[in-house]
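A closer look at the structure
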Amino acid sequence: MSQSNKPKMPGPGHGPGMRPGEKAKNFSGTMKKLVSYMKPYYFQIILILIFAACSTICTIVAPKILGNATTKLAEGIISKYTHTGGIDFDAIGTILLTLLGIYIIAGVFTYLQGWTMTGVTQKITYRLRKEISEKINRLPFRYFDTRTHGEVLSRVTNDVDTVSQSLNQVVQQIFTSIVTIIGILYMMLSISWKMTLMALIIVPLSGMVAAVIVKNSQQYFKAQQTTLGQVNGHIEEMYGGHIIVKAFNGEERSIEEFNACNDRLYDSAWKSQFMSGIMQPITSFISNAGYVGVCVLGGYLAIHEGLPIGDIQAFIQYVRNFSQPITQTAQIMNVMQSTAAAAERVFEFLDETEQEPERENLVSIRDENGDIAVKGDVRFDHVRFGYKPDQIVIHDFSADIKAGSQIAIVGPTGAGKTTIVKLLMRFYELNSGDIYVDGINTKDISRHELRDCFGMVLQDAWLHSGTIMENIRYGKPDATDEEVIQAADNAYVDHFIRTLEHGYQTEINEESTNVSQGQKQLLTIARAFLSDPKILILDEATSSVDTRTEILIQKGMANLMKGRTSFVIAHRLSTIRNADLILVLNHGDIVETGNHEQLLARGGFYAQLYNSQFAETE
């Protein structure tokens, strides 16, 4: 099907569930699913929690021990001043050595905690990307007809990175914060319940502030992830087609669209980061107010109730530390909003409806050596298909094609020419009807084996970054260098390759711009030669090349078609005069069949198409 007749893609970020500013559809459900996804790593996570608990307990005990040293020092100074004794440096030294040992133990546990957690998050990231990559291969082509490349890439990169980074924070910090709060509260109560009550006044106020901020920030984190996908999609599309953009003077329109997307990203990112950043100063202010109250009360208790100076010092440290896990917990809640927004998009992708599953008891078309063993007979039996149920492209298509035949498919733009070969290779499933290869229903053959029957030379020649040798070998990964060179020779591209400085080891750049369109086409023909297919699909692409290259491409195609069933999607009718059978399509139906001379003699639709092209060349 021609470009103009393809189902239109929506703009970046306009897929299902992608409305800007939308909150996560199911925060608790997504987090439960994420926790369940981490099940294979529960043992490591338990270890992480144990390491975190040990490290936190050591950190909590340290101020109390340091306070004992301060008390000993203060008592020694008072004894020396009153001439009743002196400073017990041995006892203070023992306390400080104990304190040093506790800090070392805490550091070791912190290191083990971080090392283990990093390993877990990287494994989860690897698993997510692996499952997304595998999912892409199982998704039907319909999915990609309604999504931009940038949107799909955003799931693999930005969303997975967000999940990975936030998990690293959440798993460690949320447990550490809980243990810290409980431990510090216990230590504070053991020192003075009055001072603890004063310190706890700040907790409900901080909690209410955090709850309000979290409630209002969730929508902005969701919008940030969504608009980031839009920006990535736009950049990917514009960069991929930058030549066309320049050719049509579309730079200003592209910049305007980018600015609009970027403005939305700026707005959502600014709001989300502002809401995240404002939490700490607000809770810190509340904590400092409580801290002042504790200091005043501690001085009063020291004077009137004889509370040890070291305990007051330890308590003040606990008060300072008590606000930190509360602030961290509030920040973690914000991080969890970002995690939920990203994880939701990833799980939405992984839950997308996959292509129709294979039938049971499939028929193998390989021989005992593992090679494809078909002759190339193809039959279409009342095929009906539409990209959408209400937009039928192929209405009632039937054809019986013998092995070794050259079949040309012609018709005006949108007639369904390319759609037929997509159905033949099961890129899409039929609405009704059947397609047979050597009398076997294609649904009874695995997609993998079925597609091994075919070799494709498309209008849009595709090469990947790598050497010319690697690009040709893509058609048969285990081919020898000699086989690759022979395939190139058969495709009339060997001479061109040998004129290059590095020959077959010449690197094709990412956009394949260091070889011409015609040369790319010849390389794809060589790739098809190497795969040695039983059935060929050729989508002519000679209109944009010079006459000399066009002759080479035509010779290469003619050489490739010898002895093979060939489907040629013909745009220039003068190139298919020698076809054994010409199928003339119009509006999804075969309106005429026959060879070139027969169809011209009838003076029907084919003759009108042919004469109109001939007239255009006059």
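About the criteria used
- Residues numbered from 1 in each chain as written.
- Predicted model: local features only at pLDDT ≥ 70, side-chain atom pairs only at ≥ 80, totals over all residues.
- Heavy atoms only, no water.
- Salt bridge = Lys/Arg side-chain N within 4 Å of Asp/Glu carboxyl O.
- Helix = DSSP H or I, 4+ residues; strand = E, 2+ residues; numbered from the N terminus.
- Buried < 20%, exposed > 50% of the residue type's maximum accessible area, 1.4 Å probe, protein only.
- Patch = residues over 30% accessible without salt bridge, like charges linked within 9 Å, V, L, I, M, F, W, Y side chains within 5 Å.
- Areas by Shrake-Rupley, 256 points an atom, 1.4 Å probe, with all protein chains shown as cover.
- Pairing = 2+ DSSP bridges.
- Contact = heavy atoms within 4.5 Å.
- Axes fitted to C-alpha atoms, helices over the stretch in contact; angles between N-to-C directions.
- Polar contact = N/O pair within 3.5 Å; in protein donor to acceptor, adjacent residues only side chain to side chain.
- Phe/Tyr/Trp six-rings, centres within 6.5 Å; stacked < 30°, edge-to-face > 60°.
- Parallel < 35°, antiparallel > 145°, perpendicular 65-115°, else oblique.
- Left-handed = near helix turned anticlockwise from the far one by under 90°.
- Nonpolar A, V, L, I, M, F, W, Y, C, P; charged D, E, K, R; others polar.

**Topic: the pattern of salt bridges**
For the structure on display, the rule yields 23 salt bridges. Of the charged contacts in the structure, one is a salt bridge between arginine 138 and glutamate 354, with a shortest N-O distance of 3.0 Å. One end of the pair, arginine 138, is in helix 3 (residues 89-138); the other, glutamate 354, is in the loop between helix 10 (309-350) and strand 1 (378-388), with 216 residues separating them in the sequence. A relative accessible area of 34% means that arginine 138 is categorised as partly exposed. The exposure class of glutamate 354 is partly exposed, given its relative accessible area of 34%. Arginine 564 is the partner of aspartate 532 in a salt bridge, and the nearest nitrogen-oxygen pair spans 2.6 Å. In this pair, aspartate 532 sits in the loop between helix 16 (517-531) and strand 9 (535-539) while arginine 564 sits in the loop between helix 17 (547-561) and strand 10 (565-569), placing the two residues 32 residues apart along the sequence. On the basis of relative accessible area, arginine 564 is assigned to the buried category, the value being 12%.

**Some thoughts on a nonpolar patch on the surface**
Taken together, the side chains of Leu97, Leu100, Ile104 and Val108 make up a nonpolar region of the molecular surface, amounting to roughly 390 Å² of accessible area. Residue placement: leucine 100 occurs in helix 3.

**With respect to the sheet that holds strand 5 (residues 440-441)**
Taken together, four strands build an open sheet; the order of strands is 2-1-4-5 and the sheet is antiparallel. Each end of this open sheet is capped by a strand with a single partner; those strands are strand 2 (391-401) and strand 5. Judged from the five bridges that link them, strand 1 and strand 4 (residues 432-437) form a sheet pairing that is antiparallel. What sits directly across from phenylalanine 380, in strand 4, is isoleucine 435. Strand contacts of helix 11 (residues 417-424): strand 1, strand 2 and strand 4, with the helix running at about 110° to strand 1, the strand carrying the most contacts.

**Focus: the environment of aspartate 159**
Note on placement: aspartate 159 falls in helix 5 (residues 149-191). Classification of aspartate 159 by relative accessible area gives buried; the value is 0%. Linking aspartate 159 and phenylalanine 454, residues 295 residues apart in sequence, is a C-alpha distance of 37 Å. Residue contacts for aspartate 159: discarding those within four places in its chain leaves Ser154, Gln225, Ala342, Arg345 and Val346. A distance of 2.7 Å separates a polar atom in the side chain of aspartate 159 from a polar atom in the side chain of arginine 345.

**Section: the packing of aromatic side chains**
With the rule as written, the count across this model stands at 14 aromatic pairs. For the ring pair tyrosine 143 and phenylalanine 349, a centre distance of 5.7 Å and an interplane angle of 70° mean the geometry is edge-to-face. Of the two residues, tyrosine 143 is situated in helix 4 (residues 141-145) and phenylalanine 349 in helix 10; the sequence distance between them amounts to 206 residues. Overall, the relative accessible area of 0% leaves phenylalanine 349 in the buried class. Measuring from centroid to centroid gives 6.3 Å for tyrosine 606 and tyrosine 610, while their planes differ by 20°, and the two rings are stacked. Taken together, the positions of tyrosine 606 and tyrosine 610, both in helix 19 (residues 605-617) and four residues apart, correspond to about one turn of that helix.

**A closer look at the packing of helix 2 (residues 42-81) against helix 3**
Working note: a packed helix pair is described by the angle between its axes plus the distance between those axes. Contact pair helix 2 / helix 3: the axes reach a minimum separation of 8 Å and the direction vectors enclose 160°. As the angle between them shows, helix 2 and helix 3 are arranged roughly antiparallel. The interaxial crossing formed by helix 2 with helix 3 has left-handed handedness. Among the residues making up the contact of helix 2 with helix 3, the classes are represented as 25 nonpolar, eight polar and two charged.

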